[in-house]
Amino acid sequence: TAANWTVSGITSTSIPGSLDTAIFDLNAGGVLLGTDAVNILDFEGPGRWTLGSGASLSATSIVAVANSSGGTALNVGSAATLSADGRILIGSGTGLSGSATVSAGGTLRQTATATMANAAAMLIAAGTNAFGNVLVSGTGSSIDLGHNGLVVGYGTGSHGTLTVAQGGSVFATTDNSSQLVALAV
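Only a predicted model underlies this, so the values are computations on that prediction, with no experimental measurement involved.

**Student:** I would appreciate a short explanation of the side chain of serine 92 in the present structure.
**Tutor:** Along the polypeptide, serine 92 turns up in the loop between strand E10 (88–90) and strand E11 (97–103). For serine 92, the side chain forms a polar contact with the side chain of asparagine 67, separated by 3.2 Å. Sequence-distant contacts of serine 92, that is, excluding residues within four places in its chain, are made with Ala64, Val65, Ala66, Asn67, Ala126 and Gly127.

**Student:** Sorry if this is basic, but what is going on with the sheet that holds strand E8 (residues 72–76) here?
**Tutor:** Sheet strands associate in pairs through backbone hydrogen bonding, adopting either a parallel or an antiparallel arrangement. Taking strand neighbours across the sheet as the criterion, the six strands line up as E4-E6-E8-E11-E14-E17 in an open arrangement whose pairing is parallel. Both edges of this open sheet fall to strand E4 (29–32) and strand E17 (159–165), since each of them pairs with a single strand only. The sheet shows a mean angle of 10° between the axes of neighbouring strands, direction not considered. Across four bridges, the pairing between E4 and strand E6 (residues 48–51) is parallel. When the bridges of E6 are listed, glycine 29 appears paired with arginine 48.

**Student:** Can you help me understand the environment of leucine 108 in this one?
**Tutor:** Structurally, the position occupied by leucine 108 is in strand E12 (residues 107–110). Placed 17 residues apart in sequence, leucine 108 and alanine 125 show a C-alpha to C-alpha distance of 17 Å. Contact partners of leucine 108, with chain neighbours within four places excluded, come to Leu82, Ile88, Val102, Met122, Ser142, Ile143 and Asp144.

**Student:** Just checking my understanding: could you explain the nonpolar core for this structure?
**Tutor:** Within soluble globular proteins, side chains that are nonpolar tend to cluster in buried spots. Counting residues in hydrophobic clusters, the biggest one holds 32 residues, and the most contacted among them are Leu41, Phe43, Leu82 and Met122. Sorting elements by how many residues they give to this core places strand E7 (residues 56–65) first, with four residues. Apart from residues no more than four positions distant in its own chain, methionine 122 is found in contact with Ile88, Ile90, Leu108, Val134, Ile143, Leu145, Gly149, Leu150 and Val151. Leu89, Leu123, Ala126 and Leu180 belong to the second-largest nonpolar core, a separate cluster that totals six residues.

Rules behind the numbers
Residues numbered from 1 in each chain as written. Predicted model: local features only at pLDDT ≥ 70, side-chain atom pairs only at ≥ 80, totals over all residues. Heavy atoms only, no water. Helix = DSSP H or I, 4+ residues; strand = E, 2+ residues; numbered from the N terminus. Polar contact = N/O pair within 3.5 Å; in protein donor to acceptor, adjacent residues only side chain to side chain. Contact = heavy atoms within 4.5 Å. Pairing = 2+ DSSP bridges. Axes fitted to C-alpha atoms, helices over the stretch in contact; angles between N-to-C directions. Core = buried A, V, L, I, M, F, W, Y, C linked by side-chain atoms within 4.5 Å. Buried < 20%, exposed > 50% of the residue type's maximum accessible area, 1.4 Å probe, protein only.

Shown next as structure tokens:
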């Protein structure tokens, strides 16, 4: 409901819509429930943000974790779905650290068609000297990038990890390997 959202510390009169940027920036993090579609989803820290059971958030543009403040952690679990039609950036700010865990049947999905030539859909440790860690763990838990690629350690001097464990899965493909690789480290 609108009462659950604040804008510059003031209770909102409406929930964010498809043209809005939703920035989650409480130090303690929190649990996000329900369904919403916005332009940009930006998760900031140093708290842990969790998409609760059955939650579904989507961005028509970008999903970013640790774009302007570090130590941010995002958990997509319990049959929750987080999707972006543009890029997914983990540890995207210069010198910042961000992490994402996909577990308990959660899904992190990139929904654009294979048109991101020369640009991967998901960047782990995207910023200069950034740190990004992604864990996909548990049966039914997945990162699905469709026909788009994944880069681990994208930014200059950055450090990234991708761990797939205990039945988790990652799908990244390319239709034209001369333009885009499915996985780059």
